[in-house]
Amino acid sequence: MPAAAPRSGDAIFASVEHVTCSALQNAELFTLTYGAIVRQLLTDLEEVDEVNKQLDQMGYNIGIRLIDEFLAKANVSRCVDFKETAETIAKVGFKMFLGVTASVTNWDADGTCCSIVLEDNPLVDFVELPDTCQGLYYCNVLSGVIRGALEMVSMKTEITWTRDVLRGDDAYELQVKLLKLVPEEYPYKDDE
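The shown structure was predicted, so the numbers you read here are calculated from the model rather than taken from an experiment.

(A) Focus on the overall build of the protein chain. Within the protein chain one finds five helices and four strands. Traced from its N-terminal end to its C-terminal end, the protein chain shows the element sequence α-α-α-α-β-β-α-β-β. Counting the 192 residues in the protein chain, one finds 38% classified as buried. Counting contacts in the protein chain only where the partners sit at least 6 residues apart, residues at least 24 apart contribute 58% of the total. About 11600 Å² of surface is accessible on the protein chain, with carbon and sulfur atoms providing 53% of the total.

(B) Highlighting the pattern of salt bridges. Evaluated as defined, the whole model comprises seven salt bridges. One salt bridge in this structure joins K156 and E151, with 3.9 Å as the shortest N-O distance. Between R163 and E173 there is a salt bridge, and its shortest N-O distance comes to 2.5 Å. One end of the pair, R163, is in strand β3 (residues 155-163); the other, E173, is in strand β4 (residues 172-181), and 10 residues separate them in sequence. Residue E173 is classed as buried on the basis of its relative accessible area of 7%. Taken together, the shared-partner salt bridges connect R163, D170 and E173 into one network.

(C) Local environment of helix α5 (residues 140-152). Between the first and last C-alpha of α5 there are 19 Å, a value that for 13 residues agrees with the 18 Å anticipated at 1.5 Å per step. With 11 of 13 residues buried, α5 is to be regarded as a mostly interior element. Every buried residue of α5 is listed here: N140, V141, L142, S143, G144, V145, I146, R147, G148, A149 and L150.

(D) Highlighting the sheet that holds strand β2 (residues 113-118). The sheet built from four strands is open, its strands ordered β1-β2-β4-β3 with antiparallel pairing. Of all strands in the sheet, those bounded by a partner on one side alone are β1 (102-105) and β3. This sheet shows a mean twist of 25 degrees between the axes of neighbouring strands, independent of strand direction. As paired elements, β2 and β4 share six bridges and run antiparallel to each other. Bridge assignment links C113 to a residue of β4, and that residue is K177. Sitting on the sheet, α5 is in contact with β3 and β4, with an inclination near 160 degrees to β3.

(E) The packing of helix α3 (residues 48-74) against α5, seen in detail. Contact geometry for α3 and α5: axes closest at 6 Å, N-to-C directions at 40 degrees. Between α3 and α5, the angle falls in the class oblique. When the axes of α3 and α5 are compared, the crossing they make is right-handed. The residues of α5 that touch α3, namely those facing N52, L55, D56, Q57, M58, G59, Y60, I62, G63, I64, L66 and I67, are N140, V141, S143, G144, V145, R147, G148, A149, E151 and M152. Its residues placed into classes, the contact of α3 with α5 shows 11 nonpolar, eight polar and three charged.

Calculation rules
- Residues numbered from 1 in each chain as written.
- Predicted model: local features only at pLDDT ≥ 70, side-chain atom pairs only at ≥ 80, totals over all residues.
- Heavy atoms only, no water.
- Helix = DSSP H or I, 4+ residues; strand = E, 2+ residues; numbered from the N terminus.
- Buried < 20%, exposed > 50% of the residue type's maximum accessible area, 1.4 Å probe, protein only.
- Contact = heavy atoms within 4.5 Å.
- Areas by Shrake-Rupley, 256 points an atom, 1.4 Å probe, with all protein chains shown as cover.
- Salt bridge = Lys/Arg side-chain N within 4 Å of Asp/Glu carboxyl O.
- Expected span 1.5 Å × (residues − 1).
- Pairing = 2+ DSSP bridges.
- Axes fitted to C-alpha atoms, helices over the stretch in contact; angles between N-to-C directions.
- Parallel < 35°, antiparallel > 145°, perpendicular 65-115°, else oblique.
- Left-handed = near helix turned anticlockwise from the far one by under 90°.
- Nonpolar A, V, L, I, M, F, W, Y, C, P; charged D, E, K, R; others polar.

If you want it as structure tokens, here you go:
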């Protein structure tokens, strides 16, 4: 039996019922709910840097769970290197979970650092940052999601925002830096 062809982010996104009016309402509800969470964090924590850390940690917790759903539904084979992994995140992952596409650019010579540029960002619909929140990385949850998901597939990474439209830039850009490949550890030994 031949192996199943890998599915693109578009095919996976289309297979989930996103076409109806209720799906659009759900996306708007998610956007507004995320905004309410960020606002509440700003109220509770008062320091923008602490809010950034909390959003990253929330995203990390989501990412370590989301990778299972991604691997189950995306039908992708194991990526051979970090470049292929970054392309899979950009082309399949973002489309599958956010309905947007992203591109991978600015690779370093070692192939361990790149930028993921989002063409659109549904998290920022209806958002304007006040002057008091200029240090806020509003979408920092996304960097945490990527970091958490990659850690679950044995890649220790550092994710930082390099450009953000909410901060006056022309695009949303995340820098993804591979720190190390973590060897897989099994919880038991075969000889016992």
